[in-house]
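What follows is the residue order along each chain.
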Amino acid sequence: MKKWSLIILSLLVVIALSACSGNGGNSSKSQGGTKDKGKITFAFWGAQSEADAIKQAIDNFESNYPDIQVESQWIQKDYLTKLQTMIAGGTTPDVMLISGGDLPGFANAFQELKLDESLFSSPSLVDSMSVDGKTYAAPFIIKPKVMAINVDLFEKNNIPLPSKTEPMTVEQFNDIAKKLTSGEGATKIFGSEPLWLGNWIYAFGGQFYSDDLSKSALDSPEVIAAAEYIVSSKQAGIVPNDSEKQGQSMMNWYLGGRIGMFTDFGPWYLPQMADVQKFKWDIVPFPGNGGSKEVNGLALSKDSKNAEAAETFINHLTQNEEVQKIIGGNKNAYGVPVISSATSAFETVSPDKNLKAFVLAAEKQHTQEAQKGTNEINNEMKAIDDTTPIGIGNKDVKEVFPQVAEKINKILQQN
């Protein structure tokens, strides 16, 4: 009996050792298993600061997964067009950066992903990466909109600084913009840069589509009210008109002291603002809870030759705290991290600025609305700039917006 007991004990030891050996031993270097090897390609867009942050994230991944080599494909111009060309030509990257707004038009080229919503700071992030109930990309970074203010101009005009946490009303914004506007000609100071419909629709409580995305909401009272306000802001002279703004960078005007409130301020401006010393500035919430948050995700090509390694790469960049702090927590930060544990790092990038406004916007702002017929819809939307005072036309927005909505509805019915 003792002999058989010793034999059984020896077998159990061998089995245990084999199991440990098969598990890889060094978890930090073998997290993905034996299939996670070889080369993958990763396509992304962005300015130099964004590319620098992404490359740091790639370096982190390769240090954790030395058996996987990542080839960067940084596309600096015409990203979507070039992506379409690569997909059509059979040279699709294994992993692609994609925004929630562009996702429906590319979903057919991506593999469906199974994601745990609880891993991210909000379930809405995974929803923004989904089409028809299927998830085609993993949330990677959030780009909300806030408003930058010229503190010097506020103080010069004896205007109390806005709340850092509560958005001002549209009426308050309009009143402040009038008080900030002064002068004329080449030295005129404007209350704001020209207002963008895509932000202000939400400030008036509207949206581009119905909740189920089946119909255009451009003919709704809220959207019409937003459009009329944009027109009135131009007529009142509190924002530059078309001839004044032509060929000019509104951000340069803001940095030069000619814009009091810059309403279209995204986190990608933060690296540029880090060296600003000419005037005091800060950021506050977008008026009326306006603006919309762009969520960018990482998608896996359905034609990937190394899907296991590509999926490991996606999971690491979207769920690893250290990587998320690289993307949204250093001087190259260009968005809010998608996992809660990394958010605090983003807020300390510029400790003397109210970066909490971005975090609040990432939580509360409306997610970009997207449709499959994006290009066709955008073509119809051009009529707004071409025919109404929002752009260069003179037709009443009450007449044009319902017409555009009707044409968009026909596109939605076809899709």
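Structural data are supplied above this passage.
All of these numbers come straight from a predicted model, not from anything done at the bench. (Residues numbered from 1 in each chain as written. Predicted model: local features only at pLDDT ≥ 70, side-chain atom pairs only at ≥ 80, totals over all residues. Heavy atoms only, no water.)

## A closer look at the packing of aromatic side chains
Across all of its chains, the model carries 19 aromatic pairs by this definition. Both rings, one in W200 and one in Y229, keep their centres 5.8 Å apart while their planes meet at 45 degrees; by these two values the pair is tilted. Within this pair, whereas W200 is found in helix α8 (residues 197-203), its partner Y229 is found in helix α9 (residues 221-235), the two being separated by 29 residues in sequence. Residue classification places Y229 among the buried positions, given a relative accessible area of 9%. Ring centres of Y202 and F208 lie 6.2 Å apart, and the angle between their planes is 65 degrees; on these two criteria the pair is classed as edge-to-face. (Phe/Tyr/Trp six-rings, centres within 6.5 Å; stacked < 30°, edge-to-face > 60°. Helix = DSSP H or I, 4+ residues; strand = E, 2+ residues; numbered from the N terminus. Buried < 20%, exposed > 50% of the residue type's maximum accessible area, 1.4 Å probe, protein only.)

## Comments concerning the nonpolar core
Counting 80 residues, the largest nonpolar core has F42, Y254 and F265 as its most contacted members. Counting 45 residues, the second largest nonpolar core, distinct from the first, contains V151, W200, I201 and I230. (Core = buried A, V, L, I, M, F, W, Y, C linked by side-chain atoms within 4.5 Å.)

## Observations regarding the sheet that holds strand β9 (residues 259-265)
Each strand in a sheet pairs with its neighbour through backbone hydrogen bonds, running either in the same direction (parallel) or in the opposite one (antiparallel). As summarised here, the arrangement of the four strands in space is β8-β9-β7-β10, forming an open sheet in which the pairing is mixed. Unpaired on one side and paired on the other, β8 (190-192) and β10 (281-284) mark the two borders of the sheet. In this sheet, neighbouring strand axes are inclined to one another by 25 degrees on average, regardless of whether the strands run parallel or antiparallel. Across two bridges, the pairing between β8 and β9 is parallel. Counted as the bridge partner of S192 is M261 from β9. Each of β7 (146-150), β8 and β9 touches helix α7 (residues 170-180); the most contacted strand, β9, lies at about 135 degrees to it. (Pairing = 2+ DSSP bridges. Axes fitted to C-alpha atoms, helices over the stretch in contact; angles between N-to-C directions. Contact = heavy atoms within 4.5 Å.)

## Observations regarding helix α17 (residues 374-387)
With 14 residues, α17 ought to run about 20 Å at 1.5 Å a step, and its terminal C-alpha atoms sit 21 Å apart, in line with that. Considered for burial, the residues of α17 that qualify are T374, I377, M381 and I384. Among the structural elements, α8 and α18 (397-414) are those in contact with the buried residues of α17. (Expected span 1.5 Å × (residues − 1).)

## So, the pattern of salt bridges
For the structure shown, the criterion picks out 13 salt bridges. Its salt-bridge partner being E228, residue K398 comes within 3.7 Å of it at the nearest N-O pair. Residue K398 is found in helix α18, and its partner E228 is found in helix α9; the two are separated by 170 residues along the sequence. Residue E228 is classed as partly exposed on the basis of its relative accessible area of 33%. By sharing partners, the salt bridges in this structure join K234, D242 and K245 into a single network. (Salt bridge = Lys/Arg side-chain N within 4 Å of Asp/Glu carboxyl O.)

## A look at the environment of S350
Relative to the elements of secondary structure, S350 occurs in the loop between α15 (343-347) and α16 (356-364). A C-alpha to C-alpha distance of 8.3 Å links S350 and K331, two positions 19 residues apart in sequence.

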